[in-house]
Amino acid sequence: MTSIEFLTIEVADVAAAERFYTDAFGLGKQVRLRASEEPTAGFRGFTVSLVVSQPSIVNGLFGAALAAGATELKPAKKSLWGYGGVVQAPDGTIWQLATSSKKDTGPDSRHIDEIVVLLGVSDMAVTKRFYVDRGLTVAKSFGSKYVEFDGSASAVKLSLYGRRGLAKVAGVTPEGSGSHRLAIGGGEEAFTDPDGFVWEPAAA
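Below, the structure is looked at part by part. Please read these numbers as outputs of a predicted model, since none were measured by experiment. (Residues numbered from 1 in each chain as written. Predicted model: local features only at pLDDT ≥ 70, side-chain atom pairs only at ≥ 80, totals over all residues. Heavy atoms only, no water.)

## Here's the deal with the overall build of the chain
- Scanning the chain from terminus to terminus reveals four helices and 15 strands.
- Relative to a compact globule of 204 residues, whose C-alpha radius of gyration would be 17 Å, the chain shows 16 Å and is just as compact.
- Overall, the C-alpha framework of the chain stretches about 45 × 35 × 35 Å when taken along its three principal axes.
- In the chain, buried positions account for 47% of the 204 residues.
- A separation threshold of at least 6 residues defines the contact pool for the chain, and within that pool the share at least 24 residues apart is 66%.
- When the accessible surface of the chain is totalled, it reaches about 9,700 Å², and 51% of it is carbon and sulfur.
- Treating the 21 positive side-chain charges of the chain as one cloud and the 23 negative ones as another, the clouds have centres 8 Å apart. (Helix = DSSP H or I, 4+ residues; strand = E, 2+ residues; numbered from the N terminus. Rg over C-alpha atoms; globule rule 2.2 N^0.38 Å. Buried < 20%, exposed > 50% of the residue type's maximum accessible area, 1.4 Å probe, protein only. Contact = heavy atoms within 4.5 Å. Areas by Shrake-Rupley, 256 points an atom, 1.4 Å probe, with all protein chains shown as cover. Lys, Arg positive; Asp, Glu negative; His and termini not counted. Charge placed at Lys NZ, Arg CZ, Asp CG, Glu CD.)

## Some remarks on the environment of alanine 139
- Turning to its location among the elements, alanine 139 is positioned in strand E9 (residues 138-142).
- Note on alanine 139: relative accessible area 47%, which makes it partly exposed.
- With ten residues separating them in the primary sequence, alanine 139 and phenylalanine 149 have C-alpha atoms 4.9 Å apart.
- Setting aside chain neighbours within four positions, we find alanine 139 in contact with Glu148, Phe149 and Asp150.

## Side note on helix H2 (residues 55-67)
- With 13 residues, H2 extends 18 Å from end C-alpha to end C-alpha; this agrees with the ideal 18 Å at 1.5 Å per step.
- Where H2 is concerned, the buried positions are Pro55, Ser56, Ile57, Val58, Gly60, Leu61, Phe62, Ala64 and Ala65.
- Once H2 finishes, glycine 69 follows within two positions and takes phi at roughly 120°, a positive value. (Expected span 1.5 Å × (residues − 1).)

## Topic: the packing of aromatic side chains
- As enumerated under the stated definition, the model contains 13 aromatic pairs in all.
- Taking 5.4 Å as the distance between ring centres and 55° as the angle between the ring planes, the aromatic pair formed by tyrosine 21 and tryptophan 95 counts as tilted. Here tyrosine 21, found in helix H1 (residues 14-24), pairs with tryptophan 95, found in strand E7 (residues 94-99); they are 74 residues apart in sequence, far enough to count as distant.
- For tyrosine 21, a relative accessible area of 4% corresponds to the buried category.
- Here the aromatic residues Phe130, Tyr131, Phe149, Phe191 and Trp199 are joined through ring pairs into a cluster of three or more.
- Between arginine 32 and the ring centre of phenylalanine 6, over which it is positioned, the NZ or CZ distance is 3.6 Å. (Phe/Tyr/Trp six-rings, centres within 6.5 Å; stacked < 30°, edge-to-face > 60°. Lys NZ or Arg CZ within 6 Å of the ring centre and 35° of its normal.)

## Overview of the sheet that holds strand E2 (residues 31-35)
- Taken together, five strands build an open sheet; the order of strands is E2-E1-E13-E15-E14 and the sheet is mixed. Single-partner strands in this sheet number two, and they are E2 and strand E14 (191-192).
- Bridge count for E14 against strand E15 (residues 198-200) is two bridges, and the pairing is antiparallel. Pairing of phenylalanine 191 across the sheet is with tryptophan 199, part of E15.
- This element, H1, spans strand E1 (4-11) and E2 of the sheet and lies at about 160° to E2. (Pairing = 2+ DSSP bridges. Axes fitted to C-alpha atoms, helices over the stretch in contact; angles between N-to-C directions.)

## Re the pattern of salt bridges
- Scanning the entire structure with this criterion turns up five salt bridges.
- Here glutamate 114 ties to lysine 157 by a salt bridge, and the two come within 2.8 Å at their closest N and O atoms. With a gap of 43 residues between them, glutamate 114 in strand E8 (residues 114-121) and lysine 157 in strand E11 (residues 157-162) connect regions that are remote in the sequence.
- By relative accessible area, which is 30% here, glutamate 114 ends up partly exposed.
- On the basis of relative accessible area, lysine 157 is assigned to the partly exposed category, the value being 21%. (Salt bridge = Lys/Arg side-chain N within 4 Å of Asp/Glu carboxyl O.)

Here is the structure:
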């Protein structure tokens, strides 16, 4: 079973990124940072979702992110599926802040229930089979549009989205090139998936 213990985001300025993530989201061991000068341009092919229990928490995280230097890609608002918005960190990483609830049931606790990394893929069938062959169990699947894997044993959940569809959700154009600027920490061996996303051993 390949589980995700943490994500490593590669950034140009580690100290600045640490300040942002501490001030914006208060993220701990599930998100790590390391320096990289690898060329990257446009959409990097992934987003990270912070899933919370109610709209007030989305608003709190959204406001904190903007105050810390993030750029608004989509304003926080109600939708058919719940409530959420999208921001881009100063390092370029796109964050979705979301809840399935449309009403508050209490004060803003700033508690994050789940972290989900969504990978934009070019061929859903190929990438889905790649991960199933590596031991992941499909929890939900909607044809070529979306696949969610069982994340009960993971600190970070994994989902697959068509690249163009994910870019639309994020509020950006799908074009991009160069490094993803992301490494996924999980399992016991290093490998690269069909879309170029790198996995590194969790013990590394």
